[in-house]
Amino acid sequence: VKAEIAQFTVSKAGHAYLELIEELEGVKKASVQAIIWATSLSQLKLKLGDNYRALLKEGSEIVFLCRIEFHEIYGLKLRISDVDLSYTLGELEKRKQKNIEILKAQGLFTLNKRTFEGRVIQRIALITSMQAAALQDFMQHLLRNEQGYKFQIDHFEAKVQGHDSPQSLLTALSKIDTKKYDAVAFIRGGGSKIDLDAFN
């Protein structure tokens, strides 16, 4: 089954409870409750690895294997036993390649390579989240640079993960007067392909 996760919660006992939906042009067309028992959830965590938190969350579209269960009191529910990671990664890769084709067609794909850089980039507009794991590392590298250069860093807050992060990154970029800076830097910590998809 292919569906979008509208709600995802994990109980103290380790069971995951989901509301799955199907939408058409932003309108909800179908909804069903689902469960992943603790034993299956533990197996999924091992299988998905770093992708687990990025895949099993509200807003994600997943393809999964399930059984239909019906209880006289609790009603109809899907019991999920497996999730197809290749579907999600395949969809992300298709979207990435499509975006690359658009950029190439518009002559934008190699624009950074053709941009003149001064000898020292010192005025930096930094787009990231204050909670990003890479922020501290980035600042420490600049402060401890071997040449002793001084940098002007102006921070523009943005979400770097989640379904609304692409718009957040674009909003931050739109606030920057590029004439005042030598470079704009987008940074975040490492992560799975799904975690990094916002930058695609």
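Structure report, in brief. Because the structure is a prediction, the values reported are computed rather than measured.

Procedures and definitions
- Residues numbered from 1 in each chain as written.
- Predicted model: local features only at pLDDT ≥ 70, side-chain atom pairs only at ≥ 80, totals over all residues.
- Heavy atoms only, no water.
- Helix = DSSP H or I, 4+ residues; strand = E, 2+ residues; numbered from the N terminus.
- Rg over C-alpha atoms; globule rule 2.2 N^0.38 Å.
- Buried < 20%, exposed > 50% of the residue type's maximum accessible area, 1.4 Å probe, protein only.
- Polar contact = N/O pair within 3.5 Å; in protein donor to acceptor, adjacent residues only side chain to side chain.
- Contact = heavy atoms within 4.5 Å.
- Pairing = 2+ DSSP bridges.
- Axes fitted to C-alpha atoms, helices over the stretch in contact; angles between N-to-C directions.
- Arc of directions from axis to C-beta.

This next bit is on the overall build of the protein chain. Helices and strands together make up the secondary structure of the protein chain, namely 5 helices and 8 strands. Listed by position from the N terminus, the elements making up the protein chain come as β-β-β-α-α-β-β-α-β-α-β-α-β. Relative to its length of 200 residues, the protein chain is extended, with a C-alpha radius of gyration of 22 Å against a globular reference of 16 Å. Along the first, second and third principal axes, the C-alpha atoms of the protein chain reach 70 × 40 × 25 Å.

Below, the discussion takes up the side chain of Ser129. Inspection of the secondary structure assignment puts Ser129 in the loop between strand S6 (123-128) and helix H4 (133-143). By relative accessible area, Ser129 is classed as buried at 10%. For Ser129, the side chain forms a polar contact with the main-chain nitrogen of Gln131, separated by 3.0 Å. The residues touching Ser129, leaving out its near neighbours within four places in the chain, are Leu135, His155, Glu157, Ala158 and Val160.

Quick look at the sheet that holds strand S5 (residues 75-83) now. In spatial order, the strands read S1-S2-S3-S5-S4; together these 5 strands close into a barrel with mixed pairing. Averaged over all pairs of adjacent strands, the angle between their axes in this sheet comes to 45 degrees, without regard to strand direction. Where strand S3 (residues 27-36) meets S5, 2 bridges bridge the pair, whose relative direction is parallel. Each bridged residue has a counterpart across the sheet, and for Ala34 the counterpart in S5 is Leu78.

This brings us to the pairing of S3. Sheet analysis places strand S2 (residues 16-24) next to S3, joined by 9 bridges and oriented antiparallel. Along S3, the bridge assignment pairs Leu18 with Ala34. In sequence, S2 turns back onto S3 through a hairpin of 2 residues, with Glu25 there showing a positive phi of about 55 degrees.

With that settled, consider H4. Those residues of H4 that sit buried are Ala134, Leu135 and Leu142. Viewed end-on, H4 has its buried residues packed into an arc of 110 degrees, placing them on one side of the element. Residues of H4 that are exposed and point more than 90 degrees away from the buried face comprise Ala133, Gln136 and Leu143. As for H4, its buried residues are in contact with S6 and strand S7 (152-157).

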